[in-house]
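So you can see what is in the structure, the chains are spelled out below.
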Amino acid sequence: MIVEEEVPPILQVEHGIAGWDIRLIPEGLHIYVHRPLYTHHGIYIGDGKVIHFVGPKAGPTRACKKCGFSRNTGHGVVETCLECFLHGGSLCRYNYNVPRMILSITSHTMCPNCTTTERSKSGSEIVETAKEKLKEGFGKYNLLSNNCEHFATFCSTGTAFSQQVKHTAALAASPLLPPAPLLLMFYRNNI
Ligand SMILES: [Zn+2]
């Protein structure tokens, strides 16, 4: 389905944008894709390309015919085609600038990991930062303290944070769930 209408900037809190015409995806949008037990994040830079921060064993085993990316060609901050970023998953958008009141009313219908009251920079500033980090790197990948979401939130706001890690830590502390080391086993080498 192609969405023709303009997307309201503030109150648009839904995440799924898989039906969007690719030409409607704004440059600098923080996008993510759901995996079974985690989400992978990146910055859409236009022209069907994404800059994202990947761990050493992430990505397809064979080099992509479109962008050349594979788990063997590189890790860290990479630029790939949208298809490599999605890797078969469904495209979603991270929501910034969501008023606290809206967040509290709708939290039961939204993924709390991917909705925030933090303000995002302009699309052009976000793309500029992502491209800078593509050249400079983003430090050593660390699942808990420096992952793909930290990269995308840093580009978007100037401050790195991961709601995924925060909420996973809270879940891991729950007596109803397996202990943290077991949960983290699923995350390792995947984000
Ligand atoms: Zn590719």
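How each quantity is defined
- Residues numbered from 1 in each chain as written.
- Predicted model: local features only at pLDDT ≥ 70, side-chain atom pairs only at ≥ 80, totals over all residues.
- Core = buried A, V, L, I, M, F, W, Y, C linked by C-beta atoms within 7 Å.
- Buried ≥ 20, exposed ≤ 12 C-beta atoms within 10 Å, placed from the backbone.
- Helix = DSSP H or I, 4+ residues; strand = E, 2+ residues; numbered from the N terminus.
- Contact = placed C-beta atoms within 7 Å.
- Pairing = 2+ DSSP bridges.
- Axes fitted to C-alpha atoms, helices over the stretch in contact; angles between N-to-C directions.
- Expected span 1.5 Å × (residues − 1).

Within an unreviewed UniProt entry, the label attached to the chain reads LRAT domain-containing protein, and the organism entered is Populus trichocarpa.

### Let's talk about the nonpolar core
In a soluble, globular protein the nonpolar side chains are often hidden away together inside. Core analysis: the biggest nonpolar cluster contains 32 residues, and Ile31, Ile43 and Phe151 have the highest contact counts within it. Elements with a contribution of two residues or more to this core: strand S1 (30-34), strand S2 (39-46), strand S3 (49-54), strand S4 (76-81), helix H1 (82-86), strand S5 (91-93), helix H3 (123-136) and helix H4 (148-157). Per-element tally for this core: the top contributor is H4, with 5 residues. With residues near it in sequence (within four places) discarded, Ile43 still touches Gly28, His30, Val50, Ile51, Ile126, Val127, Ala130, Ala152 and Cys155.

### Concerning the environment of Glu83
Relative to the helices and strands, Glu83 resides in helix H1. In this structure the C-alpha to C-alpha distance between Glu83 and Gly48, which are 35 residues apart in sequence, comes to 8.4 Å.

### Considerations on H4
For an α-helix the count is 3.6 residues per turn, leaving residues at separations of three or four pointing the same way. Within H4, 9 of the 10 residues are buried, which leaves the element mostly enclosed by the surrounding structure. Looking at H4, one finds that the buried residues are Cys148, Glu149, His150, Phe151, Ala152, Thr153, Phe154, Cys155 and Ser156. Gly158 occupies a position one or two residues after H4 and carries a positive phi of about 95 degrees.

### Concerning the sheet that holds S1
Two strands in a sheet stick together by hydrogen bonds in their backbones, pointing the same way (parallel) or opposite ways (antiparallel). Strand order in the open sheet formed by 5 strands is S4-S3-S2-S1-S5, with antiparallel pairing between adjacent strands. Each having just a single partner strand, S4 and S5 make up the two edges of the open sheet. Mean inter-strand twist for the sheet, computed between neighbouring axes without regard to direction, equals 35 degrees. Summarising the sheet, S2 and S3 pair through 4 bridges and their orientation is antiparallel. In the strand pairing of S3, Gly46 is matched with Lys49.

### Section: H3
Here H3 contains 14 residues, and its C-alpha end-to-end distance of 20 Å stays within 8% of the 20 Å for a straight helix at 1.5 Å per residue. Check the buried side of H3 and you find it contacts S2, S3 and H4. Note on H3: the residue one or two positions beyond its end, Gly137, has a positive phi of about 90 degrees.

### Some thoughts on the environment of Tyr96
Tracing the backbone through its elements, the reader meets Tyr96 in the loop between S5 and helix H2 (100-106). Sequence-wise, Tyr96 and Thr115 are 19 residues apart; in three dimensions their C-alpha atoms are separated by 6.2 Å. Look past the residues within four positions of Tyr96 in its chain and what remains in contact with it is Thr116, Glu118, Arg119, Ser120 and Ser156.

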